[in-house]
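Okay, here's what each chain looks like letter by letter:
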Amino acid sequence: MANVSHTRGDITSHPDVSEMQARYARMLGGRDVALVDGPVFLLGLYCAVSPWILHYTTSQPALVPHNLIIGIAIGLLALGFTRAPERMYGLSWAMSALGVWMIISPWIVGDSPDKGVILNNVIIGGLAVLMGLVCAGTAARSTPKP
C-alpha cells in the first residue's frame, strides 16, 4: 500500500515548472473579460426572441427575422469569445457595429415602428455597443506589446 501521509514539496523544484507556468499563462490569456461573455450571450438570446416576447411579430414582420439573425450573430460572437478569446476579441468592434445597427434598424428595416419596438432595439443596441467596447478595450489592454 502506498504511503500517502507525507506532504508534497514546493512545485518550484518540478523539472517542468517553466513549461507549466507558460501553459497556465496561455490558458488564462485574454480572460480579463470573462464576466462579459455570459451577458453578451444572454443579450443575443434576448435579441433573437424579442419579437415574440414583445408581440410585434404581426405589426413589424420585417423586424422578426432581422432581430432573430442579429441575435444569433451576437450569441455566436459570445460563444467565440468564450471558446477562443485571443482570436475573437478583435471582433469586439463587430459587436459594437451590430449594436449601432440595432439602434437604427427599426427605422430602416421596420415600417412605422411604435415606441416599444424602438425602445427595445435601442436598449439592445446600446448594450451591445457598450459590451463590445468593454471587450475591445480589455483586449487592447491585455494584448502583449511587441
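The paragraphs below set out a description of the structure included in this document. (Residues numbered from 1 in each chain as written. Predicted model: local features only at pLDDT ≥ 70, side-chain atom pairs only at ≥ 80, totals over all residues. Heavy atoms only, no water.)

1. Quick notes on the overall build of the chain
To keep it simple, the criterion reads: The secondary structure listing takes helices from DSSP runs of H or I that are at least 4 residues long and strands from runs of E that are at least 2 residues long, numbered from the N terminus. The cut-offs for exposure are 20% and 50% of the maximum accessible area for each residue type, with area from a 1.4 Å probe on protein chains only; residues under the lower value are buried, those over the upper are exposed, and the others partly exposed. For this analysis, residues touch if any pair of their heavy atoms sits within 4.5 Å. Here the accessible surface of atoms and residues is derived via Shrake-Rupley with a 1.4 Å probe, and residues count as covered only by protein chains that are part of the display.
Counting its secondary structure elements, the chain contains six helices and zero strands. The linear arrangement of helices and strands in the chain, starting from the amino end, is α-α-α-α-α-α. Within the span of the chain, comprising 146 residues, buried residues form 36% of the whole. A separation threshold of at least 6 residues defines the contact pool for the chain, and within that pool the share at least 24 residues apart is 66%. Accessible surface, the chain as shown: approximately 9,300 Å² in total, 68% of it carbon and sulfur.

2. Details of helix 3 (residues 63–83)
Spelled out, the test is: Helix span is expected to be 1.5 Å times the residue number reduced by one.
A rise of 1.5 Å per residue sets the reference length of helix 3, with its 21 residues, at 30 Å; its end C-alpha atoms lie 30 Å apart and thus fit the reference within 8%. Every buried residue of helix 3 is listed here: Leu63, Val64, His66, Asn67, Ile70, Gly71, Ile74, Gly75, Leu77, Ala78, Gly80 and Phe81.

3. Considerations on the nonpolar core
Note the following rule: Working definition of a nonpolar core: buried Ala, Val, Leu, Ile, Met, Phe, Trp, Tyr and Cys residues. They are joined through side-chain atoms within 4.5 Å.
Val40, Ile74, Phe81 and Met95 are the most contacted members of the largest nonpolar core, which has 19 residues in total. Elements with a contribution of two residues or more to this core: helix 2 (34–53), helix 3, helix 5 (92–108) and helix 6 (115–142). Per-element tally for this core: the top contributor is helix 3, with five residues. Once you skip the residues sitting within four places of it in the chain, Ile74 turns out to touch Val40, Gly44, Met95, Leu98 and Ala128.

4. Structural notes on the environment of Ser59
Turning to its location among the elements, Ser59 is positioned in the loop between helix 2 and helix 3. With a relative accessible area of 45%, Ser59 lands in the partly exposed category. For Ser59 and Asp114, which are 55 residues apart along the polypeptide, the C-alpha to C-alpha distance reads 9.0 Å.

5. Focus: the side chain of His66
By secondary structure assignment, the location of His66 is in helix 3. Not counting residues up to four positions away in its chain, the partners in contact with His66 are Trp101, Met102, Ser105 and Val109.

6. Some words on helix 5
Defined as follows: In this analysis the local bend is the angle between axes fitted, respectively, to the seven residues ending at and the seven residues starting at the residue.
With 17 residues, helix 5 extends 24 Å between its outermost C-alpha atoms, agreeing within 8% with the 24 Å of an ideal straight helix rising 1.5 Å per residue. Approximately 35° is the largest bend angle found in helix 5, and it occurs at Met102, with the proline Pro106 only one to four residues beyond. Within helix 5, the full set of buried residues consists of Ser92, Met95, Ser96, Leu98, Gly99, Met102, Ser105 and Pro106.

7. Some details on the environment of Gly38
Mapped onto the elements, Gly38 comes out in helix 2. Put simply, Gly38 and Ala78 are 40 residues apart on the chain and 7.2 Å apart in space, counted from C-alpha to C-alpha.

8. Points about the side chain of Ser96
Let me state the cut-off plainly: As used in this structure description, the phrase polar contact means that two N or O atoms lie within 3.5 Å; if the pair is within protein, one of them must be able to donate a hydrogen and the other to accept it, and residues adjacent in sequence are counted only when both atoms belong to side chains.
Structurally, Ser96 can be placed in helix 5. Polar side-chain contacts of Ser96 include one of 3.4 Å to the backbone nitrogen of Leu133. The contact partners of Ser96, leaving out residues within four places of it in the chain, are Ala128, Val129, Gly132 and Leu133.

Treat this as a map of the structure, not an account of what it does.
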